[in-house]
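# Descriptive analysis of the structure
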Amino acid sequence: MTSPAAARTDSPASTSSNDVSHEKQADPITSAPQGTTSGAGTSSLRRKSTQRSTAAELALENVNARLANPLAGYTHAELQEMGEAYAREHGMEDLVDEFRKGACLAQNPKGYDSVPGLTEEDEHYLSREYTHKWSHPGTLYFLVVMCSVAAAVQGMDETVINGANLFFRSHFGIAEHTERNEWILGVVNSAPYFSCALVACWLTDPLNRYLGRRGTIFVTCAISCLTCLWQGFVNSWWHLLIARFFLGFGIGPKSSTVPVYAAECAPPAIRGALVMMWQMWTAFGIMLGFIADVAFYNVHSDRIQGLNWRMMLASAMVPPIIVCAQVYFCPESPRWYMLKGNHRRAFDSLARLRWTPVQAARDIFYMHTLLEAEKEIKSGRNRFIELFTVGRNRRAMIGSEIVMFMQQFCGINVIAYYSAVIFETSGFTSRDALLASMGFGIINFLFAIPAVYTIDTFGRRNLLLTTFPLMSLFLFFTGFSFWIPDTTSRLACIALGIYLFSIVYSPGEGPVPFTYSAEAYPLYVRDLGMSLATATTWFFNGILSITWPRLLRAFKPQGAFAYYGTWNIIGWLLVLCFVPETKGLSLEELDQVFSVPTRVHATWGLRQVPYFVNRYLLRRDVKKEVLYRRDDDETEVHEAHGKEGGELEVDPEKRV
């Protein structure tokens, strides 16, 4: 079947795919092709090879970065014909009426009043999408609960080792502070994360292709359950190392798949909030890990050596059992079904997650239209290579890699894995160190909750730009507090610094990276892109875990904390220049955001610094330069134009 946008020659203008990997601009012309609607003062773009405008062209590059709907410009009659043709071609003749109406709604979801044939029930639920955005079928929230427990599995897997660090070292004869023992401690702690980065994360793509999202989640949770139980029965440090290495096979693909699964099933209005629940409930799992450490602290047995730390490690097997029992009661991802060419199952799956069949038909038809565009993005080369050679993919990868790298090098997991050792070094007793660590876990979870609201209102980029400077400040404060001579004051300031750092991390660099990475890539490389993103975060997670004991000895606590405080400043600059905002856009419309050339976005980002100074510090009445806007946004904003030589300016007379 020819895609709807490809069936017409007068669809909205865009650019040639040949320009994508070179970040070049097309030459402007002064008039749009016949049949298109062009905003006042806005020029169309000349296409080098043909005047035919396809959805794929729209998805490849948009120099003015206007978020175009590829169905714009069609009449309701034409859309109804396309919806009917799609339904009949894919064996959904019984749903022809729903797809006729759904195709019209896909063009303009907010314009449901003008769509003929809608019932009162249809109009009621369509209006509630905007008046009650959290009103959805129970199946969607059942799916959210499953994803949340899967995230808790992740968090608990990560932090039960924190309390065990205080005990298994003496049991295995590596308690003495020598260079060899410090490296062994680092290797044992980092084993699952290097396993994720080097092997496990790269299994995500084949597992998802053959088993689906649900099957991948089931298999990885089963592995997590078995390896956690295994850790409770080890008899040497290298045996523990092996068990934790295989734990990585349960962590890696799951961390790639669950955020993607949630993103593919969630409606755009609440997608960010639902996807970020991965991090929020990971924080909940981190808290459970600390609670388990405290709960089993005094568990001892004359017959079993080290029963307390064995129980700590084995306790993490409980949450994955819950996920395995629940996952196949959830619908499979509709986007995964479409990737496999099974459109009927995709509709049936999505219908379980929407109130009415018309809503499901609308989303399926629009998804199909834009996925046809992604097919044309493919150039026939290796998909992994296309992450680097296709400009839209490359920019998504840059943004994703930055936020994933900084999730580790902001320093959070140094505290998550070694907080008990850090507190003990500063003067706490072992039990008080675990209690202080539990306080960190509780704060980390509680302050992740506001991000459910802020991630889709304040935005991903703004959250990072706000929290990075504060995280840097609190890490410097924590490190310098080790110089305080008075014991009580020193302990209080160190705990305060760590808690304040956790407070600002939780709504920012905590939830944003996985949310951002899950939505950044186009579907045909999404599994690979998410694998790369999670491999990055787990690799540098391993680097932190293996180097912290030696870093602490070489730099002392003051220098070690200052080291990661400096990285937060670097992270702020990287986000400012290279991480576009993705708030409030459908997964497919993000193609347009990442069509903005990297150089253009970086220079625009740097110009936001003087704007911020003038607007918020000097209190001057200055207008904000807007880089891109949606076609259906009625707010009048200024258009950013790229000039030759890379200079970007705002033309106040030229508005979109």
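Residues numbered from 1 in each chain as written. Predicted model: local features only at pLDDT ≥ 70, side-chain atom pairs only at ≥ 80, totals over all residues. Heavy atoms only, no water.

## Let's talk about the overall build of the protein
Each helix and strand in the protein was counted, giving 26 helices and four strands. A separation threshold of at least 6 residues defines the contact pool for the protein, and within that pool the share at least 24 residues apart is 78%. Total accessible area on the protein stands at roughly 24700 Å², and carbon and sulfur atoms take up 60% of it. (Helix = DSSP H or I, 4+ residues; strand = E, 2+ residues; numbered from the N terminus. Contact = heavy atoms within 4.5 Å. Areas by Shrake-Rupley, 256 points an atom, 1.4 Å probe, with all protein chains shown as cover.)

## What about empty space enclosed by the protein?
Evaluation of the coordinates by the stated rule reveals eight cavities of 30 Å³ or more. One number sums up the size of the largest cavity: a volume of about 150 Å³. In terms of lining residues, the largest cavity is bounded by 16 residues, among which Glu158, Gln279, Thr282, Gln407 and Asn413 are the most central. Listed by contribution, the elements that provide at least two residues to the lining of the largest cavity are helix 5 (138-164), helix 10 (268-295), helix 17 (391-409), helix 18 (412-426) and helix 24 (526-578). (1 Å grid on protein atoms, 1.4 Å probe; cavity = no way out; pocket = protein on both sides within 12 Å on 5 of 7 lines; lining within 4 Å. Points joined across faces, edges and corners; volume = space filled by probe spheres on them.)

## With respect to the pattern of salt bridges
With the rule as written, the count across this model stands at 16 salt bridges. For Arg88, the salt bridge is made with Glu84, and the minimal N-O distance between the two is 3.0 Å. One end of the pair is Arg88 and the other is Glu84, both in helix 2 (residues 76-89) and four residues apart, which spans about a single turn. One salt bridge in this structure joins Glu264 and Arg213, with 2.7 Å as the shortest N-O distance. On the criterion of sequence distance, the pair formed by Glu264 in helix 9 (residues 237-265) and Arg213 in helix 8 (residues 204-231) is long-range, its members being 51 residues apart. In the salt-bridge network here, residues are joined through shared partners; they are Glu129, Arg354, Arg362 and Asp363. (Salt bridge = Lys/Arg side-chain N within 4 Å of Asp/Glu carboxyl O.)

## Topic: helix 8
Compared with the 40 Å implied by 1.5 Å per residue over 28 residues, the 24 Å span of helix 8 between its first and last C-alpha is markedly short. Where helix 8 bends most, the angle comes to about 115°, and this point is Leu211. (Expected span 1.5 Å × (residues − 1). Bend = angle between axes of the 7 residues up to and from the residue.)

## Comments concerning the nonpolar core
Membership of the largest hydrophobic core comes to 99 residues, with the highest contact counts inside it found for Phe168, Trp309, Ile422, Phe423, Phe501, Trp548 and Tyr564. In terms of nonpolar packing, the next biggest core, distinct from the first, is built from 38 residues, Tyr261, Trp278, Cys330 and Val452 among them. (Core = buried A, V, L, I, M, F, W, Y, C linked by side-chain atoms within 4.5 Å. Buried < 20%, exposed > 50% of the residue type's maximum accessible area, 1.4 Å probe, protein only.)

## Structural notes on unusual backbone geometry
Unlike most non-glycine residues, Lys556 shows phi in positive territory, near 65°. The topology assignment puts Lys556 in helix 24. The residue Arg619 is not glycine, and still its phi comes out positive at about 60°. Note on placement: Arg619 falls in the loop between helix 26 (598-617) and strand 2 (629-630). Arg619 gets classed as exposed once you look at its relative accessible area, which sits at 59%.

## Comments concerning the environment of Lys133
You can see Lys133 is positioned in the loop between helix 4 (120-131) and helix 5. A residue is classified by how much of its surface remains accessible, and Lys133, at 32% relative accessible area, is partly exposed. Discounting chain neighbours no more than four positions away, the residues touching Lys133 are Arg128, Ala269 and Ile270.

## With respect to the state of the cysteines
Taken as a whole and assessed by the stated rule, the structure comprises zero disulfides. There is no disulfide at Cys225, and the cysteine sulfur nearest it, in Cys324, is 7.0 Å away. Residue class for Cys225 comes out buried when judged on its relative accessible area of 13%. (Disulfide = S-S within 2.5 Å.)

## Re helix 3 (residues 96-107)
For an α-helix, the turn length of 3.6 residues means that residues three or four places apart are oriented alike. The terminal C-alpha atoms of helix 3 lie 17 Å apart, and with 12 residues this matches the ideal 16 Å at 1.5 Å per residue to within 8%. Along helix 3, 10 of the 12 residues are buried, which leaves the element largely enclosed by surrounding structure.

## With respect to the packing of aromatic side chains
Scanning the entire structure with this criterion turns up 42 aromatic pairs. Note on Trp336 and Tyr337: the rings are 5.6 Å apart at their centroids and 55° apart in plane angle, and the pair reads as tilted. As far as burial versus exposure is concerned, Trp336 and Tyr337 are alike and both buried. Aromatic pair Phe423 and Phe428: ring centres 5.2 Å apart, planes at 75°, arrangement edge-to-face. Classification of Phe423 as buried rests on a relative accessible area of 0%. Using a relative accessible area of 17% as the deciding quantity, one classes Phe428 as buried. Grouped by ring-pair contacts, the aromatic residues Phe194, Phe405, Phe409, Phe482, Phe539, Phe540, Trp548, Phe555, Phe561, Tyr563, Tyr564 and Trp567 constitute a single cluster. One Lys or Arg, Arg615, reaches over the ring of Tyr616 and ends 5.2 Å from the middle of that ring. (Phe/Tyr/Trp six-rings, centres within 6.5 Å; stacked < 30°, edge-to-face > 60°. Lys NZ or Arg CZ within 6 Å of the ring centre and 35° of its normal.)

## What to know about the packing of helix 7 (residues 179-198) against helix 9
Running from amino to carboxyl end, helix 7 crosses helix 9 at an angle of 25°, the nearest separation of the two axes being 5 Å. Taken as axis vectors, helix 7 and helix 9 run roughly parallel relative to one another. The way helix 7 lies across helix 9 gives a crossing that is right-handed. Residues Arg180, Ile184, Val187, Val188, Asn189, Ala191, Pro192, Tyr193, Ser195 and Cys196 of helix 7 lie in contact with helix 9, whose contacting residues are Trp237, Leu240, Leu241, Arg244, Phe245, Leu247, Gly248, Phe249, Ile251 and Gly252. Residues of the contact of helix 7 with helix 9, tallied by class, amount to 14 nonpolar, four polar and two charged. (Axes fitted to C-alpha atoms, helices over the stretch in contact; angles between N-to-C directions. Parallel < 35°, antiparallel > 145°, perpendicular 65-115°, else oblique. Left-handed = near helix turned anticlockwise from the far one by under 90°. Nonpolar A, V, L, I, M, F, W, Y, C, P; charged D, E, K, R; others polar.)

## Focus: the side chain of Lys254
Relative to the assigned elements, Lys254 resides in helix 9. Within the buried set, Lys254 has no salt-bridge partner at all; the shortest N-O distance to an opposite charge, 4.5 Å, is to Asp157. A polar atom in the side chain of Lys254 sits 3.5 Å from the side chain of Ser224. (Lys, Arg positive; Asp, Glu negative; His and termini not counted. Polar contact = N/O pair within 3.5 Å; in protein donor to acceptor, adjacent residues only side chain to side chain.)

## Re a nonpolar patch on the surface
Taken together, the side chains of Leu198, Val199, Leu203, Trp230, Trp238, Ile242, Phe245 and Phe246 present a nonpolar region at the surface, about 700 Å² in accessible area. Counting through the fold element by element, Leu203 comes out in the loop between helix 7 and helix 8. For Leu203, a relative accessible area of 33% puts it in the partly exposed group. (Patch = residues over 30% accessible without salt bridge, like charges linked within 9 Å, V, L, I, M, F, W, Y side chains within 5 Å.)

## Details of the confidence of the model for the protein
Low-confidence regions, as indicated by low pLDDT, have predicted coordinates that should not be scrutinised in detail. Per-residue confidence for the protein gives a mean pLDDT of 81; residues scoring 70 or more make up 82%. Across residues 1-68, confidence stays below pLDDT 50; counting only partners more than four residues off in sequence or on other chains, it has 161 contacts. Per-residue pLDDT stays below 50 along residues 633-656; that stretch engages in 52 contacts with residues further than four places along the chain or on separate chains. (pLDDT = per-residue confidence, 0-100.)

## Topic: the environment of Gln608
Mapped onto the secondary structure, Gln608 falls in helix 26. Looking at Gln608, the relative accessible area reads 11%, which means it is buried. Separated by 32 residues in sequence, Gln608 and Leu576 place their C-alpha atoms 8.4 Å apart. If near-sequence neighbours (up to four positions away) are discounted, Gln608 is found in contact with Lys624 and Glu625. Here the side chain of Gln608 touches Trp604 through a polar contact of 2.9 Å, landing on its backbone oxygen.

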